[in-house]
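Spelled out from the first residue to the last, the chains are:
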Amino acid sequence: MKPAFRKAASRAAFNLGIALTALRVNLMRSILTTLGVSIGVFAVVLAVAVGSGAQVSVMGAINSLGSNMAIVFPVPDDEGGGSVAERGRLTMRDAVAIERHIEGVTAIAPQLRANVQIVSGGRNAATEAIGVTPGYAQVTNAVAETGRFISEADVRAAARTIVLGRTVVTKLFGDYDPIGETVRVNKVPFTVVGILEAKGSNLGEDNDDLALVPISAARQRFTTDLPLGPDDLRILFVGIEDGVSLGKVKREISRLLRDRYRVRDGEGSPFIIRTTEEFMEETAMVTGIFQAVLVAIASISLLVGGIGIMNIMLVSVTERTREIGLRMALGAKRSDIRNQFLVEAAVLCMIGGAIGLLLAIAAAAVFQAQADFPVPIGVGTAIGAILFSAVVGLLFGGWPAIRASRLSPIEALRTE
Amino acid sequence: MTVPLVETVSLVKEYASGGGTVHAIAGVSLAIARGEFVAIMGASGSGKSTFMNMIGCLDVPSSGDVRIDGTATSAMDSDALAELRNGKIGFVFQQFNLLPRTTALDNVAVPLIYAGVGRAERQERARAKLGAMGLGDRLDHSPAKLSGGQQQRVAIARALVTEPLILLADEPTGALDSQTSEDIMQLFQSLNDAGNTIVLVTHEREVADHASRRIMFRDGKVIEDTPVTSRRLVKP
């Protein structure tokens, strides 16, 4: 060890010793002061964790849509005006053109959607029926757990076949296997051919509360809010190969649709195209803001805790003015006195921070068990919390420490 | 000619007080040589303690200078003064000023920490000094478990542990009974006999008579500076 380093280490150990002694002597006071920082760190750590949990949850919701994809739908009426909506009717021919002409497209999932009432025996379930083609399974990673998926033949024949989500099955049949049963969808009989593998829920959104029918059957049998032409789609999912730029595919789809509908440059597109990547980014931004707001609010309690530290350090300096004078007489430099009180404040805050962290970990575990909502506290957050506590100590202990170090030796010594 | 250990040059200390100026020290020039045992006397308010604090570099003069071992201190910053106090000056106080809840050994080692001495050497030197003060069996006692005389011995050990050039004692027997006072004065005398330079502030004639030179202060000025003729030597 270099002498300078050993000297510094020796002084640091010495200051730590003084700090621990001082804290032990005023144990009750130390505990109460620490409590303020504990509560502050508890609040901040939980805020960070809840924010991360929200992010994880929303990302999960996006992932459950399927892997990389673009979603295409016409501009809603109230946003683009009636004429644009008319002109911008998304059709099956558009979908086929996208699949055929754009590189990196793995599958397309053209859809119609309707809210329906499904009845079986005495039970009924209100859910969303989605008219799909077999491509839906590929784009959204949907798998038939038992039975089969909607087939090409179903679509060609506009067959009255239906694949049910787990939630719908439970509502209508309980534990009974309904394959082959007939259910009435908006009073039209459909035959159950398959059950979808459960995807669970994210942020209260149940991913298994749905029913799939052939798109052709949906067009014939269900009424929707807009009158539909024989070829119209309500929404189109475009599956995209891994590693292909979603932004590039989006631009190409946009150009293709503009060409097909002869939209002039400078004119708004009648279609909205969103990619999973954009959802991710927007989500990250929104949850990031959410998290920042939470942390900002929680920080106020940490600020209050810090002020408590400052207060108690000022008391400590006043009480020990004579000791400060003595130490100066014995050769302590201003920096020695300053560091002594800084270390004391930092140690106080770090102990408080550690307690707050443990409380937060316990609360997160309880919360997670009760609310089925992830509240992750990572190692980084934990280390950050402790270091941040130390910084709070240095910050709020700084002024009292500097005040102590500026005392005149003789005036400090004369203090009773 | 040898350089005096402590030399004051036209030393002045003023305080603003209720619109007027109080001259605590009103121009004092004197020199203390190596090996002297000086008693500074005077009534309370005579400036004796202020003078002591300034030659101990605890207080800064309004004008004039204090030279320690030939070095002027008026231009020194607070760090340099701290180093000077640490290395060249040992303080003994009336109220002992030991750190509570800290063992005698650790109390004595404090100045060595500020001198940057390593732990093992600190312990060894502190132990040796306490042994020399006859407290070899009280190393682990906290001040509360020691008598007044023992506490003052710990304080003297602490003052001497850095081997300072001069020992400054401000009313070192002021809080002690007469028998213990005699013991402490005997200790100072033997330290002086061993070559230590000592400056002692007291208002008691009997205490001052242990010294070899007596300086009387009144109204911030030296009114008498004489060798002690009938020196009171305590028989060991």
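Residues numbered from 1 in each chain as written. Chains lettered and ligands numbered in written order. Predicted model: local features only at pLDDT ≥ 70, side-chain atom pairs only at ≥ 80, totals over all residues.

1. Side note on the overall build of chain A
Defined as follows: Starting at the N terminus, helices and strands are each numbered in turn, a helix being any DSSP run of H or I of at least four residues and a strand any DSSP run of E of at least two. Atoms considered for the radius of gyration are the C-alpha atoms alone. The globule rule reads 2.2 Å times the number of residues to the power 0.38. Buried means a residue has 20 or more other C-beta atoms within 10 Å of its own C-beta, exposed means 12 or fewer, and partly exposed covers the counts in between; C-beta atoms are placed from the backbone.
Each helix and strand counted, chain A has 15 helices and 12 strands in total. On C-alpha atoms alone, chain A measures out to a radius of gyration of 33 Å, which is more than a quarter above the 22 Å that the 2.2 N^0.38 rule sets for 416 residues. On the principal axes, the C-alpha backbone points of chain A span a range of 100 × 55 × 45 Å. Taken over 416 residues, chain A has a buried fraction of 41%.

2. Points about the sheet that holds strand β2 (residues 20-32) of chain B
Residues and elements named next belong to chain B. Heads up, the rule is: A strand pair is defined by DSSP finding two or more bridges across the two strands. Here the contact rule is simple: place C-beta atoms from the backbone, and any two residues whose C-beta atoms are within 7 Å are in contact. Interaxial angles span 0 to 180 degrees and are taken between N-to-C directions of axes, which are lines fitted to C-alpha atoms, for helices over the stretch in contact.
Strand order in the open sheet formed by 4 strands is β2-β1-β4-β5, with antiparallel pairing between adjacent strands. Taken across any chain shown, the strands that pair with only one partner, and hence form the sheet edges, are β2 and β5 (71-72). Across 2 bridges, the pairing between strand β4 (residues 63-68) and β5 is antiparallel. Bridged to R67 within β5 is A72. Docked against the sheet, helix α1 (residues 48-55) engages β1 (6-17), β2 and β4, running at close to 120° with respect to β1.

3. Some points on the packing of helix α3 (residues 104-114) of chain B against helix α4 (residues 119-132) of chain B
Residues and elements named next belong to chain B. Going by this rule: Each angle is binned into one of four classes, with values under 35 degrees roughly parallel, values over 145 roughly antiparallel, values of 65 to 115 roughly perpendicular, and all other values oblique. Here is the rule for handedness: rotate from the far helix to the near one, and if that takes an anticlockwise turn smaller than a right angle the crossing is left-handed, while a clockwise turn gives right-handed. Three classes are used, and their members are as follows: Ala, Val, Leu, Ile, Met, Phe, Trp, Tyr, Cys and Pro are nonpolar, Asp, Glu, Lys and Arg are charged, and the others, Gly among them, are polar.
With their axes 8 Å apart at the nearest point, α3 and α4 run at an angle of 120° to one another. Put simply, α3 runs oblique to α4. Relative to α4, α3 is oriented so that their crossing is right-handed. In this structure, α3 contributes A104, L105, V108, A109, L112 and I113 to the contact, and α4 contributes R122, Q123, R125, A126, R127, K129 and L130. Partitioning the contact of α3 with α4 into residue classes produces 8 nonpolar, 1 polar and 4 charged.

4. Some remarks on the interface of chain B and chain A
The interface of chain B with chain A comprises 21 residues on the first partner and 20 residues on the second. The biggest single contributor to the side of chain B that touches chain A is helix α2 (residues 78-88) of chain B, with 6 residues. The residue makeup of the side of chain B that touches chain A, split by class, is 9 nonpolar, 6 polar and 6 charged.

5. Remarks on the packing of helix α5 (residues 92-101) of chain A against helix α10 (residues 246-261) of chain A
All names here are of chain A. In contact at an axis separation of 11 Å, α5 and α10 are set at 130° when each is read in the N-to-C sense. The angle between the axes of α5 and α10 places the two elements in the oblique class. Here the hand of the crossing between α5 and α10 comes out right-handed. From α5, D94, A97, I98 and H101 reach across to α10, where they touch I253, L256, L257 and R260. A breakdown of the residues in the contact of α5 with α10 according to their chemical character gives 5 nonpolar, 1 polar and 2 charged.

6. Quick word on the pairing of strand β6 (residues 89-92) of chain B
All names here are of chain B. Every second residue of β6 is oriented toward a common face, with I89 and F91 on one face and G90 and V92 on the other, all of them buried. Pairing analysis gives 4 bridges linking β6 to strand β7 (residues 166-170), with the strands arranged parallel. By the bridge assignment for β7, G90 is matched with L167.

7. What about the nonpolar core?
Cut-off, in case you're wondering: A set of buried residues qualifies as a nonpolar core if it consists of Ala, Val, Leu, Ile, Met, Phe, Trp, Tyr and Cys joined through C-beta atoms within 7 Å.
Membership of the largest hydrophobic core comes to 122 residues, with the highest contact counts inside it found for V45(A), A345(A), I40(B), V199(B) and L200(B). Non-local contacts of V45(A), meaning those with residues more than four positions away in its chain, are made with G356(A), L357(A), A360(A), I377(A), T381(A) and A385(A).

8. Describing the sheet that holds strand β9 (residues 213-218) of chain B
Residue and element names in this part refer to chain B. Strand order in the open sheet formed by 6 strands is β6-β7-β8-β3-β9-β10, with mixed pairing between adjacent strands. Single-partner strands in this sheet number two, and they are β6 and β10 (221-227). Sheet twist, expressed as the average angle between the axes of neighbouring strands with direction ignored, equals 20°. Of the strand pairs in this sheet, β9 and β10 are connected by 6 bridges, and their pairing is antiparallel. Within β10, the position partnered with I215 by the bridge is D225.

9. Some points on the confidence of the model for chain A
All names here are of chain A. Operational definition: One number per residue, pLDDT, summarises how confident the predictor is, and it ranges from 0 to 100.
Per-residue confidence for chain A gives a mean pLDDT of 86; residues scoring 70 or more make up 93%. Mean pLDDT across the elements of chain A bottoms out in helix α4 (residues 82-87) (48) and peaks in strand β5 (residues 161-164) (95). Counting interchain partners and residues more than four positions distant, the pLDDT-below-50 stretch residues 80-85 has 10 contacts.

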